[in-house]
Amino acid sequence: MANVLAFAERRGGELRKVALEAVTAARQLADATGGGEVHALLIGAPGIASKAATLGRYGADVVIVVEHPGLELYSPEVVAATAAERIRAGGYRLGVFSASARGKDLAPRVAAKLGVSMASDATAIEANGDALIVRHPAYTGKVITTLALSGSPAIVTLRPGAVLATESARAGRVETAAPAMDPAAARVKPKELIQGNTAKMDLGEAPVIVSGGRGLKAPENFKLVEDLAAAFGNAAVGATRAVTDEGWRPHSDQIGQTGRLVSPDLYVACGISGAIQHLAGMRTSKTIVAINKDKDAPIFKIADYGIVGDVLEVLPVLTEAVRKAKGG
Amino acid sequence: MKIAVCIKRVADMETRFKIAPDGTSVDATGLKFDMGDFDGYAVEVALQLNEKEGKGEITAISLGPSVVQETLRKAMSMGVDRAVQLEAPAVPFDGMAIAHALAAELATGGYDLILFGRMAVDSANQSVGPMTAELLGLPCVTAASKLEIANGRGTARRELEGGAEILEFPLPAVVTIDEGIARPRYPSLKGIMAAKKKPLEVKPAQLGEARLTVQRMELPPERTGGRIIGEGTAAVPELVRLLQTEAKVL
Ligand SMILES: Cc1cc2nc3c(=O)[nH]c(=O)nc-3n(C[C@H](O)[C@H](O)[C@H](O)COP(=O)(O)OP(=O)(O)OC[C@H]3O[C@@H](n4cnc5c(N)ncnc54)[C@H](O)[C@@H]3O)c2cc1C
Ligand SMILES: Nc1ncnc2c1ncn2[C@@H]1O[C@H](COP(=O)(O)O)[C@@H](O)[C@H]1O
């Protein structure tokens, strides 16, 4: 296949895990189809170029670095114009973006600027002659579609976690470019980035998620969920909409159809009934554990391991056992 | 303000879908349909904005076969003033093809604000709003969880993974609406009666070329879950053992 461009998403001065996933997916596709080059596009404030080497390690032959003092915050118009211009000028066959909050904002703009179609939230991408074949969960995850995307360049967003970021070192030769427009001329102006609690792991990046529902009964009982997450050490805390609607947890912790879509190695559902809108966000987790006092709760139908019991009693005991198993 | 809201008629998701015999679509028999969840939030946002100003006009637009008129009437029963059906025998899966038709209709409307849902819950493309904005050359903010409009300018908040951001933009603009912003109202009886007399125009949809096509639809493999390993705290040692030896996640 001809060359592939991977968009390297960052927040502040750090690469996000989804950036490495996009580069990995681009690398795998290029290799599977005759070994085109992978070019990563890295856009940010001056200093972001220091992240180019990491992108090379994950398989970028070239890293196109666009630095500008006006690009500390994500500026949708500037980034979209710059990505579209690079894709057009570079004659790429495909642009891979992440189906993250940023990528979902960016990729459709780029596709429309290029006058091409795009496939969203891909769980798998492969080439088939002139078309790309993309797997895309639709209908709140209840239907899996196989889509054919024709036209070149093609634009695809990749579901976070769909590809395991894997090292495959290439040169990562740095080329610098200027933004396609002056950030000061953008009509949509980013004013502020509100960081969540950065000490905590992001839901999209954590190998383990401990998630709590209304069965926890009160906001202060989320301490039990946090304790279990801390015992795992590599865990993030999630919640159902019932819980975020009550204001027990911030909206950004919500997992489900209208929240985050996650697929960690382990998902521990505590006092969660298992409504379809919640399942839509976590049913692709590799292993699911459910703790619920109602043996008929729908969550048990998709759980690998279920415990029927009171979460408020089970959680402290489980936390202690996990801490021991982890050797702490 | 002159506001347009683009709404899609989608199946109710609280059901077990069946794949139609053609293998590329969902069997519609027995399904209930309504406007998409996010489109409902967008309609509510439009209504609240104009109620605050005390004037203005809201137009709902839907692309699809004649059954979408039912969805447009629903929007009008909530308080939308007029509706446009962009007639097409079926709704293509390709968001860009849809965006072409919506942009062609919206270009001449003189709208101050054009609202979309963040995503249509059936196709889950999450692309039609920003694509339409690009085709119209308008500023765009996607997935707004808060929106304020004052003096010809807007301020929106978007949720990110583990954070959020605030953006400002001038009108006219396109905004796609996330949940959490407004609960859609139920149509009143008076609203339902009034909707019957509101204007609903039908025009042919000028769809773009469809380059994203469905090859196959299937149901996801059933999880082989359903294994209850025990009750209460007594089951914890067995769970830890399974997580270590079978699932190998601990
Ligand atoms: C358009 C739309 C979008 C939605 N999007 C989402 C979404 O993105 N994410 C989401 O999560 N939801 C979403 N929902 C809401 C969803 O339908 C459910 O209402 C919600 O997931 C329920 O949350 P819950 O499981 O915490 O609460 P409940 O359904 O109330 O379940 C609580 C569970 O806790 C158990 N329990 C109670 N006490 C104890 C105890 N002491 N010990 C153990 N177990 C106990 C109960 O048996 C019960 O099963 C959406 C709904 C709509 C209509
Ligand atoms: N057929 C349609 N008619 C009108 N609006 C639509 C249609 N399809 C999508 N939209 C709008 O675009 C949004 C995003 O759709 P999608 O990109 O398909 O997820 C929806 O929430 C609607 O606001």
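Residues numbered from 1 in each chain as written. Chains lettered and ligands numbered in written order. Predicted model: local features only at pLDDT ≥ 70, side-chain atom pairs only at ≥ 80, totals over all residues. Heavy atoms only, no water.

Participant: Is there a simple way to explain helix 4 (residues 128-136) of chain B in this structure?
Facilitator: Because an α-helix packs 3.6 residues into every turn, residues spaced three or four apart end up facing the same way. Those residues of helix 4 of chain B that sit buried are V128(B), G129(B), P130(B), M131(B), T132(B) and A133(B). Structurally, helix 4 of chain B contributes buried residues whose contacts are with helix 4 (101-114) and strand 7 (118-122) of chain A together with helix 3 (95-106), strand 6 (113-117), strand 7 (140-150) and strand 10 (173-177) of chain B. Taken from the residues just after helix 4 of chain B, G137(B) is the one with a positive phi, measuring 70 degrees. (Buried < 20%, exposed > 50% of the residue type's maximum accessible area, 1.4 Å probe, protein only. Helix = DSSP H or I, 4+ residues; strand = E, 2+ residues; numbered from the N terminus. Contact = heavy atoms within 4.5 Å.)

Participant: Explanation requested: the sheet that holds strand 11 (residues 154-158) of chain A in the structure shown.
Facilitator: Each strand in a sheet pairs with its neighbour through backbone hydrogen bonds, running either in the same direction (parallel) or in the opposite one (antiparallel). All names here are of chain A. Spatial strand order, 7-11-6-1-4-5-12: seven strands in an open sheet with parallel pairing. Among the strands making up the open sheet, the edge pair consists of strand 7 and strand 12 (173-177). Geometrically, the sheet is characterised by an average inter-axis angle of 25 degrees between neighbouring strands, direction not taken into account. As paired strands, strand 1 (residues 4-7) and strand 6 (residues 94-98) are joined by three bridges and run parallel to one another. Note that in strand 6 the partner of A6 across the bridge is V96. In this fold helix 1 (residues 17-32) packs onto strand 1, strand 4 (38-44), strand 6 and strand 11, with an angle of close to 170 degrees to the strand it touches most, strand 1. (Pairing = 2+ DSSP bridges. Axes fitted to C-alpha atoms, helices over the stretch in contact; angles between N-to-C directions.)

Participant: I would appreciate a short explanation of the site of ligand 2 in the present structure.
Facilitator: Residues and elements named next belong to chain B. Around ligand 2, the surrounding shell holds 19 residues, and the nearest of these are C6, D39, A120, Q126 and S127. Between ligand 2 and D39, the relevant distance is 2.4 Å, taken from an oxygen atom to a side-chain nitrogen or oxygen of the residue. In the model, an oxygen atom of ligand 2 is placed 2.9 Å from a nitrogen or oxygen of the G117 main chain. For ligand 2, whose accessible area on its own is 490 Å², the fraction buried by protein is 100%. Those elements that place two or more of their residues in the shell around ligand 2 are strand 4 (57-64), helix 3 and strand 6. Take the shell around ligand 2: its biggest share by element is three residues, from strand 4. (Near = heavy atom within 4 Å. Polar contact = N/O pair within 3.5 Å; in protein donor to acceptor, adjacent residues only side chain to side chain. Areas by Shrake-Rupley, 256 points an atom, 1.4 Å probe, with all protein chains shown as cover.)

Participant: Would you mind going over the pairing of strand 14 (residues 208-212) of chain A with me for this structure?
Facilitator: Look at any regular strand and the pattern is simple: side chains alternate between the two faces of the sheet. Residues and elements named next belong to chain A. Burial within strand 14 is extensive, with five of its five residues counted as buried. Of the two faces of strand 14, both are covered, the one formed by V208, V210 and G212 as well as the one formed by I209 and S211. By the bridge criterion, five bridges tie strand 14 to strand 15 (residues 235-239) in an arrangement that is parallel. Its bridge partner being in strand 15, S211 is matched across the sheet by G238.

Participant: Please clarify how a nonpolar patch on the surface should be interpreted in this entry.
Facilitator: A grouping of L189(B), I192(B) and M193(B) is seen on the molecular surface, where their side chains present a nonpolar patch of about 310 Å² in accessible area. Inspection of the secondary structure puts I192(B) in helix 5 (residues 189-197). (Patch = residues over 30% accessible without salt bridge, like charges linked within 9 Å, V, L, I, M, F, W, Y side chains within 5 Å. Salt bridge = Lys/Arg side-chain N within 4 Å of Asp/Glu carboxyl O.)

Participant: Help me understand unusual backbone geometry, please; the structure alone is not making it clear to me.
Facilitator: Glycine aside, residues mostly have negative phi angles, and peptide bonds mostly take the trans form. In this structure, P153(A) follows S152(A) across a cis peptide bond, with omega equal to 0 degrees. Relative to the helices and strands, P153(A) is located in the loop between strand 10 (143-149) and strand 11. In the segment running from L171(B) into P172(B), the intervening peptide bond is cis, with an omega of -5 degrees. Within the secondary structure, P172(B) is located in the loop between strand 9 (163-170) and strand 10. A positive phi angle is found at T140(A), which is not glycine, with a value near 50 degrees. Take T140(A): it is sitting in the loop between strand 9 (131-138) and strand 10. In this structure, A124(B) takes a positive phi of about 55 degrees despite not being glycine. On the basis of relative accessibility, which here comes to 8%, the residue A124(B) falls in the buried class.

Participant: I keep staring at the site of ligand 1 and nothing clicks. Help me out?
Facilitator: Around ligand 1 lies a shell of 26 residues, among which R214(A), K217(A), T240(A), T258(A) and S273(A) are the nearest. Neighbouring residues of ligand 1 are not confined to a single chain but are spread across chains A and B. At 2.8 Å from a nitrogen atom of ligand 1 is found a main-chain nitrogen or oxygen belonging to I255(A). For ligand 1, a nitrogen atom lies 3.1 Å from a polar atom in the backbone of K293(A). Here ligand 1, which alone exposes 980 Å², has 81% of that area covered by the protein. Of all the elements in the fold, those that place two or more residues in the shell around ligand 1 are helix 6 (241-245) and helix 7 (276-282) of chain A. Among the residues making up the shell around ligand 1, the classes are represented as five nonpolar, 14 polar and seven charged. (Nonpolar A, V, L, I, M, F, W, Y, C, P; charged D, E, K, R; others polar.)

Participant: Before we go on, may I ask you to explain the interface of chain B and chain A in this structure?
Facilitator: Opposite the 79 residues of chain B that make contact, chain A presents 88 residues. Carbon and sulfur atoms supply 56% of the area buried between chain B and chain A, which totals about 7,100 Å² over both sides. Together, E161(B), R211(B) and R223(B) form the three largest contributors to the area buried by chain B at its contact with chain A, with a combined 12%. For the pair chain B and chain A, the number of links is six salt bridges. Across the chain B-chain A interface, the total number found is 38 residue pairs in polar contact (both at pLDDT 80 or more). Residue assignment for the side of chain B that touches chain A shows that the elements contributing at least two residues are helix 1 (37-53), helix 4, strand 7, strand 8 (153-160), strand 9, strand 12 (212-218), strand 13 (228-231) and helix 6 (236-245) of chain B. When residues of the side of chain B that touches chain A are assigned to their parent elements, the largest contribution, eight residues, is made by strand 9 of chain B. Per-class residue counts for the side of chain B that touches chain A are 40 nonpolar, 17 polar and 22 charged. The pairing of strand 13 (residues 189-195) of chain A with strand 9 of chain B spans six bridges and is antiparallel. When the bridges of strand 9 of chain B are listed, L193(A) appears paired with E165(B). (Buried area = accessible area lost by both parts, 1.4 Å probe.)

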